[in-house]
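Remarks on the overall topology
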There are 2 protein chains.
Amino acid sequence: MSQSDTLHALVPDLRAICGDDGVLTDTAQRRTYESDGITYHAELPGVVVLPTTPEQVAGVVRLCAEHGVPFVPRGSGTGLSAGALPRADGVLIVTSRMRRIIEIDIPNERAVVEPGVFNLDVTRAAAPHGYYYAPDPSSQQVCSVGGNIAENSGGAHCLKYGFTVNHVTGLQIVTPQGELVELGGKAADAPGYDLIGAFIGSEGTLGIATRITVRLLRSPQKVRTLLAAFDGMDAGGRAVSAVIGAGVLPAAIEMMDALAIEAAEAAVACRYPEGAGAVLIVELDGPAAEVDSQFEQVTRLCRDEGAFELRSADDPAERTTIWKGRKSAFAAVGRISPAYIVQDGVVPRTALGEVLGRIAALSAESGIRVANVFHAGDGNLHPLVLFDDAEPGAGDRAEAVSAAILDLCIEAGGSITGEHGVGVDKVCHMPDMFGPDDLAAMDRFRRAFDPQGIANPEKLLPTPRLCGERPGARKGVHPLVASGEAELF
Amino acid sequence: MSQSDTLHALVPDLRAICGDDGVLTDTAQRRTYESDGITYHAELPGVVVLPTTPEQVAGVVRLCAEHGVPFVPRGSGTGLSAGALPRADGVLIVTSRMRRIIEIDIPNERAVVEPGVFNLDVTRAAAPHGYYYAPDPSSQQVCSVGGNIAENSGGAHCLKYGFTVNHVTGLQIVTPQGELVELGGKAADAPGYDLIGAFIGSEGTLGIATRITVRLLRSPQKVRTLLAAFDGMDAGGRAVSAVIGAGVLPAAIEMMDALAIEAAEAAVACRYPEGAGAVLIVELDGPAAEVDSQFEQVTRLCRDEGAFELRSADDPAERTTIWKGRKSAFAAVGRISPAYIVQDGVVPRTALGEVLGRIAALSAESGIRVANVFHAGDGNLHPLVLFDDAEPGAGDRAEAVSAAILDLCIEAGGSITGEHGVGVDKVCHMPDMFGPDDLAAMDRFRRAFDPQGIANPEKLLPTPRLCGERPGARKGVHPLVASGEAELF
């Protein structure tokens with residue numbers, strides 16, 4: 001039987017598990033799911049299923065395992081590494097009908113949710129009790145908690161609060177063999193292997209999370225946000241070092257360069273100080289006494305490093321105004337460039353200045369503009385590589401600059417992705433960062449969960465077919481255009 | 001060849017790898033290593049090696065893998081679950097000669113150390129720069145960072161700062177097949193599987209950490225400690241709930257009952273308030289402004305819940321006085337009982353009151369005294385089950401009470417170990433907490449790293465040989481006597 005026949009033969013069983021309305025085979029319907037936030041990678045899924053319970057997910061996966069059919073999990077499809085790229089020969093398992101908040105347990109400071117729940121809805125449910133859920137990717141209005149698990153999502157506030165992995169204490173998962181397994185629970189530490197940590201960030205290759213227990217945090221007593229404008233990136237960078245060096249741990253420190261400011265201004269008229277070569281957004285949260293004393297300290301440090309304008313936001317409306325430019329920066333770049341690549345890399349914070357200088361040099365050499373928007377506190381860069389896709393060869397040059405930026409990150413002791421994941425998009429960069437023994441250990445680990453290799457195959461770990469035989473060789477696949485409609489990072 | 005002949009045949013190769021002084025075969029020398037902190041479990045290791053480099057560790061493990069010989073890793077031997085119990089048919093790999101602090105990297109807030117380094121020495125090396133290493137098991141003067149990795153050690157301050165897993169960003173490990181593999185690095189998040197999280201707490205079953213990169217934290221600007229005395233445990237428990245409920249996150253909240261106070265008084269004359277049915281130690285740290293305002297709040301909440309005496313400690317000497325009783329409590333119990341079992345379990349904080357009541361009832365029914373010392377903030381109980389080993393049957397009754405306490409923890413939605421690990425000691429309790437699918441998933445994971453089953457075999461996961469065929473069946477192995485000489489928890 002051909003792969004496509006095998007798939008078709010499964011449809012009646014899939015309907016028996018998920019119901020008629022839970023299985024999509026129509027081409028137009030399947031088209032909805034052909035890509036995630038990186039539209040450059042696209043493929044029509046063989047079949048789409050929309051289960052409503054953990055048992056249905058387990059049933060679908062068991063059926064796939066019995067027939068050796070690959071499956072791909074998908075949350076809201078806002079990912080930026082093509083981690084949810086479907087397969088023509090496989091089943092796409094979409095969690096969007098699993099959107100119940102099962103429990104808000106305030107005495108134990110936990111929420112229990114289904115994987116399709118939107119990130120921000122956890123905070124919305126906890127807010128009346130004075131609590132919130134900390135991980136806050138910019139797509140938090142629409143991205144799913146299950147997708148956050150797959151990608152170990154961060155957000156502007158992960159400097160202080162950490163990534164998704166720091167906020168999940170329990171998972172119910174369906175393994176690639178279709179078993180329902182419980183990992184952890186409401187307690188902070190469980191005996192045995194901490195497979196929660198390994199599962200989070202595994203990009204759908206170890207199975208599907210079907211119920212998620214997260215930590216809720218007390219809403220801070222006070223939040224204050226500072227916008228500081230500098231002549232150039234050097235001064236801004238020195239201010240970041242001064243703040244961290246003084247022992248202040250802000251909830252967020254974000255930085256944007258002149259080009260990113262120009263784009264944001266064009267898109268949302270955020271009115272950042274005129275003539276700024278760099279703006280820094282520093283947010284402090286915590287007990288009021290602490291926030292106020294640290295706010296003064298941060299203001300002084302920024303002024304010492306040459307900030308020529310300082311704005312303070314103390315209420316939600318003012319804060320929203322300051323954040324608007326930053327949060328819209330990715331999409332805004334569309335206003336100043338016909339096409340762009342969103343890159344995501346990490347450098348040790350101490351190497352930020354040097355790496356930014358080398359990115360500027362790369363840009364000058366190649367004639368390709370690069371706008372920089374980044375989480376300065378933890379060295380997570382999001383360079384936006386701008387080009388005109390109507391200009392012959394520009395795409396290739398942009399791609400080369402984008403790849404060279406990742407090389408700079410690795411050279412500086414950093415990483416090829418801070419929070420967007422590997423997916424398909426960066427799979428051939430993995431050998432640039434990991435040795436053959438490291439990759440072999442990861443592969444053995446994957447096969448322990450998925451001996452048949454059916455769970456999101458050809459994502460995360462390189463294979464000779466994808467990347468060639470030579471370790472470190474690259475197929476050179478990069479996103480040429482990211483979808484710029486929503487807040488994506 | 002018999003197992004013992006196989007081992008003997010390896011000795012010349014082991015000497016070639018570790019040097020003559022790095023291999024111990026003499027019985028008296030091997031005797032030193034026959035147990036860890038739980039002396040009830042003891043076995044003479046077949047051979048002991050003391051490597052000095054990661055390459056030597058890898059060489060020893062490769063040799064073991066080639067010959068199918070089991071190995072057991074050991075740090076300082078302060079563990080409390082017999083996780084480092086040696087094997088007569090195996091090689092004990094002791095990391096005590098790997099004690100270099102390789103780097104204190106203040107700009108990136110990291111330390112890189114060898115596995116044999118004492119926990120407290122990391123803080124000692126960072127302190128001149130105004131930094132410290134957060135995980136602080138009570139054995140921190142002598143326990144090794146490598147051992148902390150194996151057990152995912154906590155400490156009194158893990159309520160606010162988390163466990164070892166929250167403070168390690170990079171590991172070099174030797175896998176059970178003798179490969180040197182790098183996991184993570186200095187950056188906070190790495191692509192691929194988060195095998196650091198899985199490795200930490202794996203109790204030596206996935207290999208040996210040979211180089212460890214940890215996060216350093218800024219020393220807090222201010223630390224204040226409060227001792228509050230209550231008539232009984234109920235009032236103390238209510239005060240804990242009130243503090244947490246008010247949104248205060250202390251660095252530590254510890255609680256002791258009357259019997260534990262009596263023991264501490266007998267051992268170290270800590271002068272806790274007379275007639276106290278419970279004492280609470282609350283430590284606050286952070287920016288001075290925050291600490292002072294929260295200290296007032298906590299003091300008020302304790303008084304509202306009936307604290308009849310409150311003492312404040314603002315300098316290191318006063319703090320040491322308050323902590324002395326708490327830190328000596330385990331060893332101190334030897335003053336009031338000829339023998340005792342140290343138990344370690346977790347309950348959701350909201351279930352603390354009920355579980356403590358049921359422990360008291362168990363104690364009354366059985367005539368076995370139980371002293372309670374615990375990390376109240378995160379529900380980590382350390383009941384000390386007291387008995388007279390000269391009294392026939394008392395040991396069995398104490399063991400039954402100790403096991404019943406774990407059942408209470410599981411029933412309340414908690415766990416069979418908070419920070420001491422599973423080791424040999426609790427391996428037959430694992431099926432009480434995990435279902436067959438859960439255990440099978442863990443076993444597959446273990447075998448992905450260790451297909452031959454030579455890395456610390458028969459620890460952590462139950463086998464029919466150890467625990468019988470029936471899931472949930474127990475061999476009933478419990479420590480009858482813990483070594484009471486040092487600060488052990």
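Sequence order as written defines the numbering, with residues in each chain counted from 1. Chain letters and ligand numbers both follow the written order, the letters beginning at A and the numbers at 1. Only residues with pLDDT of at least 70 get local features here, since the model is predicted, and only at 80 or more are side-chain atom pairs given and counted; chain-wide, interface and lining totals rely on the full set of residues. Derived side-chain values reflect all non-hydrogen atoms in the structure, with water molecules and hydrogen atoms excluded from consideration.

- Per an unreviewed UniProt entry, chain A goes by Glycolate oxidase and derives from Murinocardiopsis flavida.
- UniProt positions are given in the numbering used here, feature names are shortened, and annotations may be inferred rather than shown by experiment. Under the Cofactor (unreviewed entry) heading, UniProt states for chain A: "FAD".

Structural notes on the side chain of arginine 446 of chain B
- Here arginine 446 of chain B is to be found in helix 16 (residues 436-449).
- It is aspartate 450 of chain B that comes nearest to the buried, bridge-free arginine 446 of chain B among opposite-charge side chains, at 4.9 Å.
- Contacts between residues were defined by any pair of non-hydrogen atoms, one from each residue, lying within 4.5 Å. Excluding residues that lie within four positions of it along the chain, arginine 446 of chain B makes contacts with Tyr193 of chain A together with Thr205, Leu206, Ala455, Asn456, Pro457, Glu458, Lys459, Leu460 and Leu461 of chain B. Only DSSP runs of H or I with at least four residues qualify as helices, and only runs of E with at least two residues qualify as strands; both kinds are numbered from the N terminus onward. Partly exposed describes any residue whose relative accessible area lies between the buried limit of under 20% and the exposed limit of over 50%, with all areas from a 1.4 Å probe on protein chains only and scaled to the type maximum. Residues scored as charged are limited to Lys and Arg (positive) and Asp and Glu (negative), so that His and the chain ends carry no count. Only one rule defines a salt bridge in this text: a Lys or Arg side-chain nitrogen within 4 Å of an Asp or Glu carboxyl oxygen.

Observations regarding the sheet that holds strand 6 (residues 110-113) of chain A
Residues and elements named next belong to chain A.
- Here the rule is simple: two strands pair whenever DSSP picks up at least two bridges between them. Across the sheet, five strands lie side by side as 5-6-10-8-9; this open sheet has antiparallel pairing. Both edges of this open sheet fall to strand 5 (101-105) and strand 9 (180-184), since each of them pairs with a single strand only. Averaged over all neighbouring strand pairs, the angle between strand axes comes to 10°, with direction disregarded.
- Here five bridges tie strand 8 (residues 168-174) to strand 9, and the two strands are oriented antiparallel to one another. Within strand 9, the position partnered with glutamine 172 by the bridge is glutamate 182. For helices, the fitted line uses only the C-alpha atoms of the stretch in contact; every axis is such a line through C-alpha atoms, and the angle between N-to-C directions lies from 0 to 180 degrees.

Considerations on the pattern of salt bridges
- One pass over the structure, following the stated rule, counts 42 salt bridges over all chains.
- With a shortest N-O distance of 3.6 Å, glutamate 34 of chain A and arginine 31 of chain A are connected by a salt bridge.
- Glutamate 34 of chain A gets classed as partly exposed once you look at its relative accessible area, which sits at 26%.
- The partly exposed category is assigned to arginine 31 of chain A, whose relative accessible area is 43%.
- The partner of aspartate 292 of chain B in a salt bridge is lysine 222 of chain B, and the shortest N-O contact between them spans 2.9 Å. Taken together, the residues span a long stretch of sequence, with aspartate 292 of chain B in helix 10 (residues 288-304) and lysine 222 of chain B in strand 12 (residues 222-230) at a distance of 70 residues.
- Given a relative accessible area of 24%, aspartate 292 of chain B falls into the partly exposed group.
- Connected via shared salt-bridge partners are Arg87, Asp89, Glu458 and Arg465 of chain A.

Let's talk about the packing of aromatic side chains
- Centre distance within 6.5 Å is the pairing criterion for rings of Phe, Tyr and Trp, where only the six-membered ring of Trp is used; planes under 30 degrees apart are then read as stacked, over 60 as edge-to-face, and the remainder as tilted. Counted under the stated rule, the structure contains seven aromatic pairs over all chains.
- Taking 4.9 Å as the distance between ring centres and 70° as the angle between the ring planes, the aromatic pair formed by tyrosine 193 of chain A and phenylalanine 445 of chain B counts as edge-to-face. Taken together, the residues span two chains, with tyrosine 193 of chain A in the loop between strand 9 and helix 7 (195-199) and phenylalanine 445 of chain B in helix 16. Taken as a pair, tyrosine 193 of chain A and phenylalanine 445 of chain B share a single burial class, namely buried.
- Judged by centre distance (6.4 Å) and plane angle (85°), the ring pair of tyrosine 132 of chain B and tyrosine 161 of chain B falls under edge-to-face. In this pair, tyrosine 132 of chain B sits in strand 7 (residues 131-132) while tyrosine 161 of chain B sits in helix 6 (residues 158-161), placing the two residues 29 residues apart along the sequence. Note on accessibility: tyrosine 132 of chain B and tyrosine 161 of chain B belong to one class, buried.
- Feature note: the residues Tyr193, Phe445 and Phe449 of chain A together with Tyr193, Phe445 and Phe449 of chain B constitute an aromatic cluster, connected by ring pairs.

With respect to the interface of chain B and chain A
- Between chain B and chain A, the residue contacts involve 57 residues of the former and 56 residues of the latter.
- Contact between chain B and chain A buries roughly 4600 Å² in total, counting both sides, with carbon and sulfur atoms accounting for 58%.
- For the salt bridge of arginine 444 of chain B with glutamate 179 of chain A, the shortest nitrogen-to-oxygen distance reads 3.4 Å.
- Taken together, the elements giving at least two residues each to the side of chain B that touches chain A come down to strand 9 (180-184), helix 7 (195-199), helix 8 (233-245), helix 10, helix 15 (430-433) and helix 16 of chain B.
- At seven residues, the largest contribution of residues to the side of chain B that touches chain A is made by helix 16 of chain B.
- Amino acids are sorted into nonpolar (Ala, Val, Leu, Ile, Met, Phe, Trp, Tyr, Cys and Pro), charged (Asp, Glu, Lys and Arg) and polar (every other residue, Gly among them). Of the residues that constitute the side of chain B that touches chain A, the class distribution is 29 nonpolar, 16 polar and twelve charged. When two components associate, each loses some accessible surface as probed by a 1.4 Å sphere; the sum of these losses over both components is called the buried area.

Here's the deal with the packing of helix 16 (residues 436-449) of chain A against helix 16 of chain B
- Two elements in contact, helix 16 of chain A and helix 16 of chain B, have axes whose closest approach is 8 Å; the angle formed by their N-to-C orientations is 150°. For the element pair helix 16 of chain A / helix 16 of chain B, the angle class is roughly antiparallel. For the element pair helix 16 of chain A and helix 16 of chain B, the recorded crossing hand is right-handed. Residue-level inspection shows Arg444, Phe445 and Ala448 of chain A of helix 16 of chain A in contact with helix 16 of chain B, the latter providing Arg444, Phe445 and Ala448 of chain B. Roughly parallel means an angle under 35 degrees; roughly antiparallel means over 145; roughly perpendicular covers 65 to 115; every other angle is labelled oblique. Crossings are sorted by hand: turned counterclockwise from the far helix by less than a right angle, the near helix makes the crossing left-handed, and turned clockwise it makes it right-handed.

With respect to the state of the cysteines
All names here are of chain A.
- Here, the term disulfide refers to a pair of cysteine sulfur atoms separated by no more than 2.5 Å. Applying the stated criterion across every chain yields a total of two disulfides over all chains.
- Covalent S-S linkage joins cysteine 428 and cysteine 467, the inter-sulfur distance amounting to 2.2 Å. Its S-S torsion of about -80° marks the bond between cysteine 428 and cysteine 467 as left-handed, since a negative value means left-handed. Of this pair, cysteine 428 sits in the loop between helix 14 (394-411) and helix 15 (430-433) while cysteine 467 sits in helix 17 (residues 464-467), and the two are 39 residues apart along the sequence.

Description of the nonpolar core
- Grouped together as the largest cluster of nonpolar side chains are 80 residues, with contacts concentrated most on Leu171 of chain A together with Leu171 of chain B.
- If we skip the residues at most four places from it in the chain, leucine 171 of chain B touches Ile149, Val181, Glu182, Leu183, Ile196, Phe199, Ile200, Ala209, Arg211 and Ile212 of chain B. Definition used in this section: a nonpolar core is a set of buried Ala, Val, Leu, Ile, Met, Phe, Trp, Tyr and Cys residues joined via side-chain atoms within 4.5 Å.

Regarding the domain arrangement of chain A
Residue and element names in this part refer to chain A.
- The split into domains, and so the bounds of each, comes from an automatic or database assignment of domains. Taken domain by domain, chain A holds domain 1 (3-94), domain 2 (101-218), domain 3 (222-330) and domain 4 (337-489).
- A straight line from the C-alpha centre of domain 3 to that of domain 4 covers 27 Å.
- Taking both partners together, domain 3 and domain 4 bury about 1500 Å²; carbon and sulfur atoms supply 67% of that area.
- Along the contact surface separating domain 3 from domain 4 lie zero salt bridges.
- Between N or O atoms, a polar contact is any pair within 3.5 Å; within protein, one atom must be a potential hydrogen donor and the other a potential acceptor, and residues adjacent in sequence are included only when both atoms are from side chains. Scanning the region where domain 3 abuts domain 4 turns up five residue pairs in polar contact (both at pLDDT 80 or more).
- When residues of the side of domain 3 that touches domain 4 are traced back to their parent elements, those giving at least two are helix 8 (233-245), strand 13 (252-257), helix 9 (258-268), helix 11 (316-327) and helix 12 (329-332).
- Sorting elements by how many residues they give to the side of domain 3 that touches domain 4 places strand 13 first, with five residues.
- When grouped by side-chain class, the residues that make up the side of domain 3 that touches domain 4 number ten nonpolar, no polar and four charged.

Quick word on the relation of the copies chain B and chain A
- Of the transformation superimposing chain B on chain A, the axial component is 0.0 Å and the angular component is 180°, with the fit at an RMSD of 0.0 Å. Taken together, the rotation and translation relating the two chain copies correspond to the operation of a two-fold axis.
- Mapped onto chain A, 98% of the interface residues of chain B again fall at the interface, so both copies present the same surface. Alignment of the copies relies on least squares applied to C-alpha atoms, considering only residues that score at least 70 for pLDDT in both.

Re the side chain of aspartate 105 of chain A
All names here are of chain A.
- Within the fold, aspartate 105 resides in strand 5.
- Within the structure, aspartate 105 has its side chain in polar contact with the side chain of asparagine 108 (distance 3.1 Å).
- If we skip the residues at most four places from it in the chain, aspartate 105 touches Arg110 and Lys186.

Some details on the pairing of strand 16 (residues 339-342) of chain A
Residue and element names in this part refer to chain A.
- The side-chain alternation of strand 16 yields two buried faces, one formed by Ala339 and Ile341 and the other by Tyr340 and Val342.
- In this sheet, strand 19 (residues 380-387) lies alongside strand 16 in antiparallel orientation, the contact comprising four bridges. Bridging across to strand 19, alanine 339 finds its partner in phenylalanine 387.

Considerations on the sheet that holds strand 1 (residues 23-24) of chain A
Residues and elements named next belong to chain A.
- If you walk across this open sheet you meet the four strands as 1-2-4-3, and the pairing is mixed. Two strands lie at the open edges of the sheet, namely strand 1 and strand 3 (71-74), each paired on one side alone.
- Packing against the sheet, helix 1 (residues 3-18) makes contact with strand 1, strand 2 (47-49) and strand 4 (91-94), and its axis sits at approximately 10° to strand 2.
- Sitting on the sheet, helix 3 (residues 54-67) touches strand 2, strand 3 and strand 4, and the angle it makes with strand 4 is about 165°.

A short note on helix 13 (residues 352-366) of chain B
Residues and elements named next belong to chain B.
- When the terminal C-alpha atoms of helix 13 are compared, their 21 Å separation across 15 residues agrees well with the 21 Å that a helix rising 1.5 Å per residue should span.
- Those residues of helix 13 not exposed but buried are Leu352, Val355, Leu356, Ile359, Leu362, Ser363 and Ser366. Angular distribution of buried residues about the axis of helix 13 spans 115°; they occupy a single face of the element. Counted as exposed and oriented over 90 degrees from the buried face of helix 13: Glu354, Ala364 and Glu365.
- Looking at the buried side of helix 13, the elements it contacts are helix 8, strand 18 (370-375), strand 19 (380-387) and helix 14 (394-411).
- One or two positions beyond helix 13, positive phi appears at glycine 367, with a value near 70°. Multiplying 1.5 Å by the residue count of a helix minus one yields the expected span of that helix. Read the arc as the range of directions from the helix axis to the C-beta atoms.

Some words on the layout of surface pockets
All names here are of chain A.
- Within this scheme a cavity is a closed region of a 1 Å grid, computed over the protein atoms alone, that accommodates a 1.4 Å probe without allowing it to escape, whereas a pocket is open but has protein on both sides within 12 Å along at least five of seven lines; lining residues each have an atom within 4 Å of a point. Grid points are joined across faces, edges and corners, and a volume is the space filled by probe spheres set on the points. What the second largest pocket holds in volume is close to 910 Å³.
- Around the second largest pocket, the lining is made up of 27 residues, and of these Gln140, His157, Glu283, Arg319 and Lys327 lie nearest the centre.
- Residue assignment for the lining of the second largest pocket shows that the elements contributing at least two residues are helix 4 (119-126), strand 7 (131-132), strand 14 (278-286) and helix 11.
- The leading source of residues in the lining of the second largest pocket is helix 11, at six residues.

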